[in-house]
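Listed here are the chains, written in short residue letters.
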Amino acid sequence: MARLIILGLVVAAVAFVVRRLAQRAARRRDTAAQEEKRFTPTVRCTRCGAYLDRSRALSHADGHTCPEHAPE
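Residues numbered from 1 in each chain as written. Predicted model: local features only at pLDDT ≥ 70, side-chain atom pairs only at ≥ 80, totals over all residues. Heavy atoms only, no water.

K.L.:
I'd like a rundown of a nonpolar patch on the surface, residues and numbers included.
P.N.:
On the surface, Met 1, Leu 4, Ile 5, Leu 7, Leu 9 and Val 11 cluster together into a nonpolar patch covering about 700 Å² of accessible area. Residue Met 1 is classed as exposed on the basis of its relative accessible area, which comes to 77%. (Patch = residues over 30% accessible without salt bridge, like charges linked within 9 Å, V, L, I, M, F, W, Y side chains within 5 Å. Areas by Shrake-Rupley, 256 points an atom, 1.4 Å probe, with all protein chains shown as cover. Salt bridge = Lys/Arg side-chain N within 4 Å of Asp/Glu carboxyl O. Buried < 20%, exposed > 50% of the residue type's maximum accessible area, 1.4 Å probe, protein only.)

This is the structure we're talking about:
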């Protein structure tokens, strides 16, 4: 009977450790995904040379410009 109790405790301990390792790996994947989302593509303004987010840049035939240098 004591062997069964010890065997049950060992199985429970192994299951606990495996579960904790899986949770830690999932957290690492989530953190890595969040870090990838932080990056936004940038372009260089053809007039002043500043880099800005592509979503903020104004696209023209000669390239991208920042809003301050938008052609009139």
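K.L.:
Can you lay out the side chain of Thr 65 for me, pointing to particular residues and giving the numbers?
P.N.:
The residue Thr 65 is located in strand S4 (residues 63-65) in this model. In this structure the side chain of Thr 65 is engaged in a polar contact, spanning 3.2 Å, whose partner is the side chain of His 60. Dropping the residues within four chain positions of it, Thr 65 is found in contact with Cys 45, Thr 46, Arg 47, Ala 57, Leu 58, His 60, Ala 70 and Pro 71. (Helix = DSSP H or I, 4+ residues; strand = E, 2+ residues; numbered from the N terminus. Polar contact = N/O pair within 3.5 Å; in protein donor to acceptor, adjacent residues only side chain to side chain. Contact = heavy atoms within 4.5 Å.)

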